[in-house]
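Secondary and tertiary structure notes
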Amino acid sequence: MNAQTVLASTGGGEFQAPGPELFDFPPLFAGGPEWLTKPVLFAVVGALVVCAFCWSAFAKPKLVPRGMQNIGEIGYVFVRDQIARPFLGKNTERWMPLLMSVFLLVWVWNIFAVVPVLQFPIASHIAFPIVLALFIYFIKIYLGIKHQGPGKYFTDMIPKGLPLPVYFLLVPIEYLSTFILAPFTHAVRLFANMFAGHMILAFFSLVGFWFLFEKPTAMGFGVGIVGVIVTILLTAFELLIQFLQAFLFAMLAAMYIQSGLEADH
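Everything in this summary refers to the structure shown in the same document. The structure displayed is predicted, hence computed values, not measured ones.

Some details on the overall build of the protein chain
Check the secondary structure of the protein chain and you find 8 helices and 0 strands. The linear arrangement of helices and strands in the protein chain, starting from the amino end, is α-α-α-α-α-α-α-α. Counting only C-alpha atoms, the protein chain reaches 75 × 60 × 40 Å along its principal axes. In the protein chain, which comprises 265 residues, the share counted as buried stands at 40%. Nonlocal contacts in the protein chain, meaning residues at least 24 apart in sequence, comprise 67% of its contacts between residues at least 6 apart. Just so you have it, the protein chain exposes about 14600 Å², and 74% of that area is on carbon and sulfur atoms. Computing the positive centroid from 14 side-chain charges and the negative centroid from 13, the protein chain places the two 14 Å apart.

Section: the pattern of salt bridges
Counted by the stated rule, this structure contains 2 salt bridges. The shortest N-O distance in the salt bridge between Asp81 and Arg80 comes to 2.9 Å. The shortest N-O distance in the salt bridge between Asp81 and Arg85 comes to 3.3 Å. With Asp81 and Arg85 both in helix H3 (residues 67-88) and 4 residues apart, this pair spans about one turn of that helix.

Describing unusual backbone geometry
For Val117, which is not glycine, the phi torsion reads 80° and is therefore positive. With a phi angle near 50°, Gln119 is a residue other than glycine that sits in the positive phi range. For Gln119, the position within the fold is in the loop between helix H4 (92-111) and helix H5 (127-148).

Some thoughts on the environment of Leu48
Topologically, Leu48 is positioned in helix H2 (residues 38-58). Along the sequence, Leu48 and Leu169 sit 121 residues apart, while their C-alpha atoms lie 47 Å from each other.

Details of the packing of aromatic side chains
Under the definition given, this model contains 16 aromatic pairs. Geometrically, the ring pair formed by Phe78 and Phe247 is tilted, given 5.9 Å between the ring centres and 50° between the ring planes. Note that Phe78 is positioned in helix H3 and Phe247 in helix H8 (residues 218-261), a separation of 169 residues in sequence. The class of Phe78 is partly exposed, set by a relative accessible area of 27%. Aromatic ring contacts, followed pair by pair, group Phe23, Phe25, Phe120, Phe191 and Phe195 into a single cluster.

Notes on the packing of H3 against H4
Between H3 and H4, the least distance of the axes is 9 Å, while the angle of their chain directions is 115°. Seen along the crossing, H3 lies across H4 with a hand that is right-handed. Across the interface between the two elements, Gly72, Gly75, Tyr76, Phe78, Val79, Arg80, Ile83, Ala84, Arg85 and Leu88 of H3 pack against Thr92, Glu93, Trp95, Met96, Leu99, Met100 and Phe103 of H4.

Remarks on empty space enclosed by the protein
It is the rolling of a water-molecule-sized probe over the atoms that shows where space remains empty. Taken as a whole and assessed by the stated rule, the structure comprises 1 cavity of 30 Å³ or more. In terms of lining residues, the largest cavity is bounded by Lys38, Pro39, Phe42, Phe112, Leu118, Phe120 and Ile122. Along the lines of polarity and charge, the residues of the lining of the largest cavity split into 6 nonpolar, no polar and 1 charged.

Some words on the packing of H4 against H5
In a packed pair of helices, the relevant descriptors are the angle between the two axes and the axis-to-axis distance. Running from amino to carboxyl end, H4 crosses H5 at an angle of 165°, the nearest separation of the two axes being 11 Å. Relative to H5, the element H4 lies roughly antiparallel. Crossing handedness for the pair H4 and H5: left-handed. Across from Arg94, Trp95, Leu98, Val102, Leu105, Val106 and Trp109 in H4, the residues of H5 making contact are Phe128, Leu132, Phe135, Ile136, Ile139, Leu143 and His147.

A word on the nonpolar core
Core analysis: the largest hydrophobic core is formed by 50 residues, its most contacted members being Leu88, Trp95, Leu99, Phe103 and Ile257. Only H2, H3, H4, H5, helix H7 (164-214) and H8 provide two or more residues apiece to this core. Top element by residues in this core is H4. It accounts for 12 residues. In contact with Trp95, other than residues within four places in its own chain, are Leu88, Ile139, Leu143, Ile257 and Leu261. Core analysis: the next-biggest nonpolar cluster, separate from the first, contains 8 residues, Ile141, Tyr153, Ile158 and Tyr167 among them.

What counts and what doesn't
- Residues numbered from 1 in each chain as written.
- Predicted model: local features only at pLDDT ≥ 70, side-chain atom pairs only at ≥ 80, totals over all residues.
- Heavy atoms only, no water.
- Helix = DSSP H or I, 4+ residues; strand = E, 2+ residues; numbered from the N terminus.
- Buried < 20%, exposed > 50% of the residue type's maximum accessible area, 1.4 Å probe, protein only.
- Contact = heavy atoms within 4.5 Å.
- Areas by Shrake-Rupley, 256 points an atom, 1.4 Å probe, with all protein chains shown as cover.
- Lys, Arg positive; Asp, Glu negative; His and termini not counted.
- Charge placed at Lys NZ, Arg CZ, Asp CG, Glu CD.
- Salt bridge = Lys/Arg side-chain N within 4 Å of Asp/Glu carboxyl O.
- Phe/Tyr/Trp six-rings, centres within 6.5 Å; stacked < 30°, edge-to-face > 60°.
- Axes fitted to C-alpha atoms, helices over the stretch in contact; angles between N-to-C directions.
- Left-handed = near helix turned anticlockwise from the far one by under 90°.
- 1 Å grid on protein atoms, 1.4 Å probe; cavity = no way out; pocket = protein on both sides within 12 Å on 5 of 7 lines; lining within 4 Å.
- Points joined across faces, edges and corners; volume = space filled by probe spheres on them.
- Nonpolar A, V, L, I, M, F, W, Y, C, P; charged D, E, K, R; others polar.
- Parallel < 35°, antiparallel > 145°, perpendicular 65-115°, else oblique.
- Core = buried A, V, L, I, M, F, W, Y, C linked by side-chain atoms within 4.5 Å.

In structure tokens form, the structure reads like this:
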């Protein structure tokens, strides 16, 4: 949502900083289902973009890569060497399709925040990070039970040989951390960064628009220029954050998958 939209919602009155209303979207058309909103539509668009990119890059690979294949291979090597291999080792190639898809999907969703007209990071709606985090987490639990057995998987995370009273404190903490906090923080880390980044960008872009066009004064002109400059700088910074959050989300996914394949030591 851009500054003009926020400004229109204030009715052209006094300056009002953008708030949670930035993340409220009506149905795409009158009478449509409430869940069919702009974020849902472009979440699907983002998935289709990733599918189209991967298809064009890898469907018919050439010995000497060109065009999209060249870009795709650069991305593949990055995800393999920087995300998958440090955690998965010999299992890297098996899980590369999933990790590559997760990294690209989250990155595309984040980049939508700075795409004209779209101007909304999909991951700033908590439902989308939660779905991805739960998907990864269910894979982790499934792999843990399959490869380690249910008894070993659920008991080996507790250190052996400690005094009995310690277990009354350690067991709840360990299970809470592993089965509740881990997927929660996996989702919230991505959501919180995208939510906060979008709020900050909306605020400074609205400051620039307001003082330059809506309430132009000699003093306000300087404030508006500062707002524009800060918006440009923060947009560049936000592009870095969007990439880093996709990287961290995929990296944690690789770590959780490996913890299911093999017991932690």
